[in-house]
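Observations on chain architecture
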Number of protein chains: 2
Amino acid sequence: MSDIKYKILGLVERDLEKIEITLKDNLNPHVDLVAKIAGHILFSGGKRLRPLIMVLAARICGYRGNYDYACSAIFEYLHAATLLHDDLVDEATIRRGKTVAHLVWDNPSAVLTGDFLLARSLSLAAATNRPDVIKTVAKITEYMSQGEIYQLQRKGALDLSEKEYMEIIRCKTAALFQGACRVGALIADASSQMAAALADYGFNLGIAFQMVDDLLDYTLDTRVLGKGVGADLKEGKLTLPIIYSLNATDKKDGTQMKQIITNKDFSLLDFEQLIRMMQKYGGQQYTESQATLYSQKAKDALAVFADSKTKKTLLMIADYALTRTA
Amino acid sequence: MSDIKYKILGLVERDLEKIEITLKDNLNPHVDLVAKIAGHILFSGGKRLRPLIMVLAARICGYRGNYDYACSAIFEYLHAATLLHDDLVDEATIRRGKTVAHLVWDNPSAVLTGDFLLARSLSLAAATNRPDVIKTVAKITEYMSQGEIYQLQRKGALDLSEKEYMEIIRCKTAALFQGACRVGALIADASSQMAAALADYGFNLGIAFQMVDDLLDYTLDTRVLGKGVGADLKEGKLTLPIIYSLNATDKKDGTQMKQIITNKDFSLLDFEQLIRMMQKYGGQQYTESQATLYSQKAKDALAVFADSKTKKTLLMIADYALTRTA
């Protein structure tokens, strides 16, 4: 595991502990089954990156209140809600090394618990009594659902363009990172310049994060992401490493790549062959360079803030997004 | 069809037209498929009862603004979102005489469009800039998802009690009616006495409405609700007419009733036999009398308001809830 991860963990240890407690304290379900299913997805080794950046965004804007942790739970609940629905949509079987909720229980329970978590996150937003915060959170949810539907609609499409890919990850991932950072600034009553800078940081971090996530799917170490090899491909999700390679390929190699991609039962040998061809045409390298670009944009966005331990942590998180292996 | 329905329609014709336009204007999806699926569920002959009572609740409190219709869309979107998810949860095939969305398209699309409608309703709530409105709407969503999960958890349970049934319909139906009426009062800046009275009206109306809905499932006219005969029973949903009858029955008849209930492939003959037994033990009659009681409670709650055309309409809606046949 990377050094930078441990450095960050050292800096935010207390924050992560408080976030963990808040996630437990604010769940508040009346129904046993909801508690169990929500617990299954919420307490299965998530990185808590979304609540963490909200807390740090508030802090870098000078927030001194004690409402930041409660507010940060919004973003982990929202994340967990979409994981529950997306795993079902993608017919995933494993997440973070555990059997997914819709298989441990059933589809209906996973759908309804996702709804509950969505509702819970919006109740927490409402509890801030701040229309700007609430609007931001409601808007994130609109974006996320539409991003997922767009992705679903173009499932398996071999002609998915880089532009479409960017639109999908903007909605399904970056909007949440962006919103978390903006809300941090809002509860700190930061200037609109600071709020915009943090939203910018979150957006670019989210893009970089998702690109690396998509890149990790083309690693051969199945243990890394706690899901099967080539999971995205098996779900018909074409991501940047593939999109770029397909565009760059010659006709013969392109045909072979498409054969592997469209065969849902590709073998490990096929997959290794695919990865070699992607390397030949630079798909991974291009994705890495794009992720690096967005990570740098995230860091640049913080230029308006003076140096501080919090700024240092946010900068390190942008680096971590690139080096992470899980 | 009942006379009272036409009388109400005459009184609220213009409101219903405006609600219809608002539902179209506020949907605002970026993605084509979302527009299609949301349209399928939204524009398939819904009664618009929930937005209508919100508009009337605002009006009876003297509301003179022009924000009532936009705000009323919240409650139809929320209703449509839960229909999309519930039809999937219940494995329903037909709703309002049309094939359900998850069969016209697929489960994932229905889940995600439901999420979008949920998010859209919360965005509209956020747009009111009123934390009290937003909290009410977020809370409704929490209740609804938990009510559905409770129902799912007790699916097929022959020992479901009347108390549990009441808890389920309180969450899954009455909370939305109650919230719609409360929000009407809130946007009219009504006194807390008026807001409480309208919430009370909505709650009791919702209970009566659901009881009659459950009763209609035990009619033999398949065309009435636009779904199959004994649909609730086939989905493992025990409702008040059955619950009461099972409690009142003698051992021999009880055994026979339970045999029919637990046989998912019961014949029309079985179903007729079941209905006769329920009639013998008074299940329908008891449910009717309970629905009448709640409808009366709804009307009584309006005592704090002076006579007006709006009050008359709300009173008629409480009567309609009892006489409706669809």
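For the structure, see preceding data.
Bear in mind that the values here come from a model prediction, so they are computed numbers and not experimental data.

Overview of the packing of aromatic side chains
All names here are of chain B. Within the structure shown, the criterion is met by eight aromatic pairs over all chains. Between the aromatic rings of Phe177 and Phe209, the centroid separation amounts to 5.2 Å while the plane-to-plane angle is 45°, which identifies the pairing as tilted. Of this pair, Phe177 sits in helix H8 (residues 162–187) while Phe209 sits in helix H9 (residues 192–216), and the two are 32 residues apart along the sequence. Given the relative accessible area of 0%, Phe177 is considered buried.

Looking at the side chain of Glu76 of chain B
By the element assignment, Glu76 of chain B lies in helix H4 (residues 68–89). Aside from chain neighbours lying at most four places away, what touches Glu76 of chain B is Leu23, Leu42, Arg48 and Pro51 of chain B.

Things to note about the pattern of salt bridges
Side chains that differ in sign of charge can pair as their charged atoms come close. Using the criterion set out here, one finds 28 salt bridges over all chains in the structure. Of the charged contacts, one joins Arg120 of chain A and Glu142 of chain B as a salt bridge, the two residues approaching to 2.9 Å between their closest N and O atoms. Remark: Glu142 of chain B occurs in helix H7 (residues 131–153) and Arg120 of chain A occurs in helix H6 (residues 107–127); the pair is interchain, linking two chains. Glu142 of chain B matches Arg120 of chain A in its accessibility class, with the two residues each being buried. For Arg154 of chain A, the salt bridge goes to Asp159 of chain A, with nearest N and O atoms at 3.0 Å.

Examining empty space enclosed by the protein
Residues and elements named next belong to chain B. Taken as a whole, this structure holds nine cavities of 30 Å³ or more when the rule is applied. Its boundaries defined by the atoms lining it, the largest cavity holds a volume of some 120 Å³. Together, 14 residues line the largest cavity, and Gln151, Leu160, Ile168, Lys237 and Leu238 are the ones closest to its centre. Residue composition of the lining of the largest cavity, grouped by class: six nonpolar, three polar and five charged. Approximately 100 Å³ is the volume attributed to the second largest cavity.

What to know about the relation of the copies chain A and chain B
Laying chain A over chain B is done by rotating through 180° and shifting 0.0 Å along the axis; what remains is an RMSD of 0.0 Å. Here the symmetry operator amounts to a two-fold rotation axis. Of the residues that chain A buries at the interface, 100% are likewise interface residues in chain B, meaning the two copies contact each other through the same surface.

Digging into the nonpolar core
In terms of nonpolar packing, the biggest core is built from 195 residues, with Leu117, Leu198, Tyr201 and Leu274 of chain A together with Leu117, Leu198 and Tyr201 of chain B touching the most fellow members. The residues touching Leu198 of chain B, leaving out its near neighbours within four places in the chain, are Ala57, Ile60, Cys61, Cys181, Ala185, Leu302, Phe305 and Leu314 of chain B. Counting 31 residues, the second largest nonpolar core, distinct from the first, contains Leu238, Ile275, Met277 and Met278 of chain B.

A word on H9 of chain B
Note that an α-helix has 3.6 residues per turn; residues three or four places apart therefore point the same way. Taking 1.5 Å of rise per residue, 25 residues should cover 36 Å, and H9 of chain B covers 36 Å from first to last C-alpha, within 8% of that figure. The element H9 of chain B is largely enclosed, with a buried count of 19 among its 25 residues.

Some remarks on the environment of Asp132 of chain B
Residues and elements named next belong to chain B. Assignment of secondary structure puts Asp132 in helix H7. Accessibility expressed as a relative area gives 30% for Asp132, which makes it partly exposed. Separated by 55 residues in the primary sequence, Asp132 and Ile187 have C-alpha atoms spaced 9.3 Å apart. Looking at Asp132, its side chain comes within polar contact range of the side chain of Arg130, at 3.1 Å.

Focus on the interface of chain A and chain B
On the side of chain B, 42 residues touch chain A, which itself brings 42 residues to the contact. In terms of surface lost to chain B, no three residues of chain A exceed Leu112, Gln146 and Ile149 of chain A, which account for 18% of the buried area on that side. Linking chain A to chain B there are two salt bridges. Between chain A and chain B we count eight residue pairs in polar contact (both at pLDDT 80 or more) in total.

Quick look at helix H15 (residues 309–323) of chain A
With 15 residues, H15 of chain A should reach 21 Å at 1.5 Å per residue; the first-to-last C-alpha distance of 21 Å fits that figure. Inspection of H15 of chain A places Thr310, Lys311, Thr313, Leu314, Met316, Ile317, Ala318, Tyr320 and Ala321 of chain A among the buried residues, and these make up the whole buried set.

Some thoughts on the side chain of Gln151 of chain B
All names here are of chain B. By secondary structure assignment, the location of Gln151 is in helix H7. Overall, Gln151 belongs to the buried group, its relative accessible area being 13%. If sequence neighbours within four positions are ignored, Gln151 has contacts with Ile168, Lys172 and Lys237.

Rules behind the numbers
Residues numbered from 1 in each chain as written. Chains lettered and ligands numbered in written order. Predicted model: local features only at pLDDT ≥ 70, side-chain atom pairs only at ≥ 80, totals over all residues. Heavy atoms only, no water. Phe/Tyr/Trp six-rings, centres within 6.5 Å; stacked < 30°, edge-to-face > 60°. Helix = DSSP H or I, 4+ residues; strand = E, 2+ residues; numbered from the N terminus. Buried < 20%, exposed > 50% of the residue type's maximum accessible area, 1.4 Å probe, protein only. Contact = heavy atoms within 4.5 Å. Salt bridge = Lys/Arg side-chain N within 4 Å of Asp/Glu carboxyl O. 1 Å grid on protein atoms, 1.4 Å probe; cavity = no way out; pocket = protein on both sides within 12 Å on 5 of 7 lines; lining within 4 Å. Points joined across faces, edges and corners; volume = space filled by probe spheres on them. Nonpolar A, V, L, I, M, F, W, Y, C, P; charged D, E, K, R; others polar. Least-squares fit on C-alpha atoms with pLDDT ≥ 70 in both. Core = buried A, V, L, I, M, F, W, Y, C linked by side-chain atoms within 4.5 Å. Expected span 1.5 Å × (residues − 1). Polar contact = N/O pair within 3.5 Å; in protein donor to acceptor, adjacent residues only side chain to side chain. Buried area = accessible area lost by both parts, 1.4 Å probe.

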